[in-house]
Every structure is written in structure tokens, then in C-alpha cells.
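Overview (structure and organization)
If you want the building blocks of each chain, they are given just below.
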Amino acid sequence: MTARFDVETTPIEGLLILKRRRIADERGHISRLFCGEELAEIGWRGPVAQVNESVSHFAGTVRGMHFQTPPFGEFKLVTCLAGRILDVAVDLRHGSPTFLEHVAVELSADNACSFLIPKGFAHGFQALSDDVRMIYAHSAPYRAEAEGGLSPTDPRLAIAWPLPVAHLSPRDAGHPPLGTDYRGLAA
Ligand SMILES: Cc1cn([C@H]2C[C@H](O)[C@@H](COP(=O)(O)OP(=O)(O)O[C@H]3O[C@H](C)C(=O)[C@H](O)[C@H]3O)O2)c(=O)[nH]c1=O
């Protein structure tokens, strides 16, 4: 727990679910989306190098599973400000005891939760409603040349998407299946 977030650990080391505390009055409420001091206490490393908005129009849309290769690996704080998503992070850390395992968490405007994802993870999500709007904080800049991706329907990941997978980008539809020799990302 920190001053502005209730922090929930997950079965995978480093992956954390943050529930924002709302300071409410008759006008509405305020809550903190990111706090450098508090997130550093619970594991965030690095600056906020970029903040991205992501809008998905249709329930069923899947984006992912994406990561940036070293040295552009990044922490992400994923927040859903409108609608509902199932957010998924896959452990790609070479030598991790939970290698290729994942955690899935529902994020929504209503539950005020965010997903803190360290370096070494692939990230993706499925829109569970139409008109999803998300905000991502990234600790490293976007580098197209460092982009990597896994198929969100790869049988080795066994991600149970709640809805039929839809609206994949050509890039995401084209990720090859993981080979048995895949060893993950160096630290
Ligand atoms: C991520 C990103 C993308 N782009 C450009 C690259 C493409 O020309 C265009 C769309 O990118 P993409 O199709 O990769 O967008 P998403 O499928 O939403 O990918 C994102 O969603 C998954 C779930 C993530 O975790 C990442 O944040 C990110 O990879 O935006 C940028 O210019 N800057 C950026 O930071």
C-alpha cells in the first residue's frame, strides 16, 4: 500500500495491480494516475519517457502481445479510463521461474485499477466493451526497431481471451508461433 494506491501482488514477481484511491466530494473525485515517488517504492525504475493514449472502438479487439527488445525494454503502467479490458502480461524474462506464464487482470473506468508491468514482459489486451480508452505510461521511448511481438493466440501462451479474438492488426495476426527453442529476453 502507498499513500495513493492500494497495491496487490500477483503470482508473477514484479507484476503489480494498483487500485487508485479516489478523493471524492460532491463535485466528483480526483485520483493519481502516476506518482514517481510512490511507484519507485514498489518497483518502477526509470522516468516517464512517454505517455500514450489507445482507443479501441469494438469489443473483442485484441492488441498484442508486444514488447521492446533490450536496451529499449520498458516499464509500463496501463490504465483504462473508459470501458473495460482484460489486460495481460507474459513473463519473457530469460531464466525466470515463471517464464512464459502470464497474469490477466480486468481494468476498467469503474474499478480504478492499473497494471504495473516491468521490463521483460510482453503486453496485450482485449477490449471487453466498445469504446475503450486507455492511457499508458512508458519508462523508455518508442523505438520501432526494437519492437517485438508474440501471437496473442499462441498455444504456448494459452491466454483465455473472454471474447472471440477480433480486429487484430496485420502485424499482430502475423506473429509466428513460439519455437521450442525460445529463451526469452536478456535482462
Ligand atoms: C506503441 C507505439 C506505436 N507507435 C506507432 C507505430 C504504428 O505506426 C502505430 C500503431 O502502433 P501499433 O499498431 O503497434 O499500436 P498497438 O497495437 O496499440 O500497440 C500498443 O499496444 C500494445 C498492447 C502495447 O503494449 C504497446 O503499448 C503498443 O505496442 O503507432 C508510435 O508511434 N509510438 C508508440 O509508442
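In short, a report on the structure. None of the values given here were measured: they were computed from a predicted structure. (Residues numbered from 1 in each chain as written. Predicted model: local features only at pLDDT ≥ 70, side-chain atom pairs only at ≥ 80, totals over all residues. Heavy atoms only, no water.)

A few points about the environment of Ser 114
Rules: Strands are runs of DSSP state E lasting at least 2 residues, helices are runs of H or I lasting at least 4, and numbering of each runs from the N terminus. Exposure categories follow from relative accessible area, calculated using a 1.4 Å probe and restricted to protein chains: below 20% of the type maximum is buried, above 50% is exposed, and the middle band is partly exposed. Every residue pair with non-hydrogen atoms within 4.5 Å of one another is taken to be in contact. The term polar contact refers here to a pair of N or O atoms within 3.5 Å; inside protein, the definition further demands a hydrogen-donor-capable atom paired with an acceptor-capable atom, and it admits residues adjacent in sequence only when both atoms are side-chain atoms.
Topologically, Ser 114 is positioned in strand 10 (residues 113-117). Overall, the relative accessible area of 1% leaves Ser 114 in the buried class. A sequence separation of 36 residues divides Ser 114 from Val 78, and the C-alpha atoms of the two residues are 5.4 Å apart. Residues within four places of Ser 114 in sequence aside, it is in contact with Leu 16, Ile 17, Leu 18, Arg 20, Leu 77, Val 78, Thr 79 and Leu 107. There is a polar contact of 3.0 Å between the side chain of Ser 114 and the side chain of Arg 20. At a separation of 2.5 Å, a polar atom in the side chain of Ser 114 contacts the side chain of Thr 79.

Some points on the site of the ligand
Note the cut-off: Being near a molecule or strand, for a residue, comes down to having at least one heavy atom within 4 Å of it. Put simply, the grid is 1 Å and covers the protein atoms alone, a cavity is a trapped set of points that fit a 1.4 Å probe, a pocket is an open set with protein on both sides within 12 Å along at least five of seven lines, and lining residues have an atom within 4 Å of a point. Each molecule is assigned to a cavity or pocket provided more than half of its atoms lie within 2 Å of the corresponding grid points.
Around the ligand, the neighbouring residues are Gln 50, Asn 52, Arg 63, His 66, Lys 76, His 123, Gly 124, Tyr 136, His 138, Tyr 142, Glu 147 and Arg 171. In the environment of the ligand, an oxygen atom lies 2.9 Å from a nitrogen or oxygen atom belonging to the side chain of Asn 52. Within the side chain of His 123, an N or O atom sits 2.7 Å from an oxygen atom of the ligand. Judged by the proximity of its atoms to the pocket grid, the ligand belongs to the largest pocket. Contributions of two or more residues to the shell around the ligand are made by strand 5 (50-56), strand 6 (62-68), strand 11 (121-127) and strand 12 (132-138).

Some points on the side chain of Asp 154
The criterion, for reference: When charges are counted, Lys and Arg are positive and Asp and Glu negative, with His and the chain ends excluded. Throughout this description, the term salt bridge denotes a Lys or Arg side-chain nitrogen within 4 Å of a carboxyl oxygen of Asp or Glu.
Structurally, Asp 154 is set in the loop between strand 13 (147-149) and helix 2 (170-173). An unpaired buried charge is present at Asp 154: no salt bridge exists, and Arg 156, the closest side chain of opposite charge, is 5.8 Å distant. Apart from residues lying up to four places away in sequence, Asp 154 is in contact with Pro 176, Pro 177 and Leu 178.

Quick word on the layout of surface pockets
Note the following rule: Grid points are joined across faces, edges and corners, and a volume is the space filled by probe spheres set on the points. Gly counts as polar in this scheme, as do all residues outside two lists: the nonpolar Ala, Val, Leu, Ile, Met, Phe, Trp, Tyr, Cys and Pro, and the charged Asp, Glu, Lys and Arg.
Each pocket or cavity is described by its volume, and for the largest pocket that value is around 380 Å³. If you trace the largest pocket, you find 20 residues lining it, with His 66, Lys 76, Tyr 136, His 138 and Glu 147 closest to the centre. Elements with a minimum of two residues in the lining of the largest pocket: strand 5, strand 6, strand 11 and strand 12. Ranked by residue count, the leading element in the lining of the largest pocket is strand 6, at 5 residues. In terms of residue class, the lining of the largest pocket is made up of 5 nonpolar, 9 polar and 6 charged. The calculated volume of the second largest pocket comes to roughly 170 Å³. Lining the second largest pocket, in full, are Gln 68, Pro 70, Pro 71, Gly 73, Arg 93, Lys 119, Gly 120, Leu 185, Ala 186 and Ala 187. Looking at the lining of the second largest pocket, its residues break down into 5 nonpolar, 3 polar and 2 charged.

Considerations on the sheet that holds strand 11
Heads up, the condition is: In this scheme, strands are said to pair when DSSP sees at least two bridges between them. All axes here are fitted lines through C-alpha atoms, helices being fitted over the stretch that makes contact, and every angle between N-to-C directions spans 0 to 180 degrees.
Taking strand neighbours across the sheet as the criterion, the 5 strands line up as 9-8-11-6-13 in an open arrangement whose pairing is antiparallel. What marks the edges here is a single partner per strand, and that holds for strand 9 (102-108) and strand 13. Strand-to-strand, the axes of this sheet are offset by a mean angle of 25 degrees, without reference to chain direction. Direction of pairing for strand 8 (residues 84-91) relative to strand 11: antiparallel, over a ladder of 7 bridges. The partner of Val 90 across the bridge, within strand 11, is Ala 122.

Focus: the packing of aromatic side chains
Selection rule: Any pair of Phe, Tyr and Trp rings, taking the six-membered ring for Trp, is counted once the centres come within 6.5 Å. Such a pair is stacked with planes under 30 degrees apart, edge-to-face with planes over 60 apart, and tilted for the rest.
Taken as a whole, this structure holds 3 aromatic pairs when the rule is applied. Ring centres of Phe 34 and Trp 44 lie 5.0 Å apart, and the angle between their planes is 80 degrees; on these two criteria the pair is classed as edge-to-face. Taken together, the residues Phe 34 in the loop between strand 4 (28-30) and helix 1 (36-41) and Trp 44 in the loop between helix 1 and strand 5 connect sequence positions 10 residues apart. Taken together, a centroid distance of 5.9 Å and an interplanar angle of 20 degrees make the contact between Phe 99 and Tyr 182 stacked. Here the residue Phe 99 occupies a position in the loop between strand 8 and strand 9, and Tyr 182 occupies one in the segment after helix 2, the gap between them amounting to 83 residues. Residue Phe 99 is classed as partly exposed on the basis of its relative accessible area of 22%. The exposure class assigned to Tyr 182 is buried, which follows from its relative accessible area of 19%. Connected via pairs of aromatic rings, a cluster forms that spans Phe 34, Trp 44 and Phe 75.

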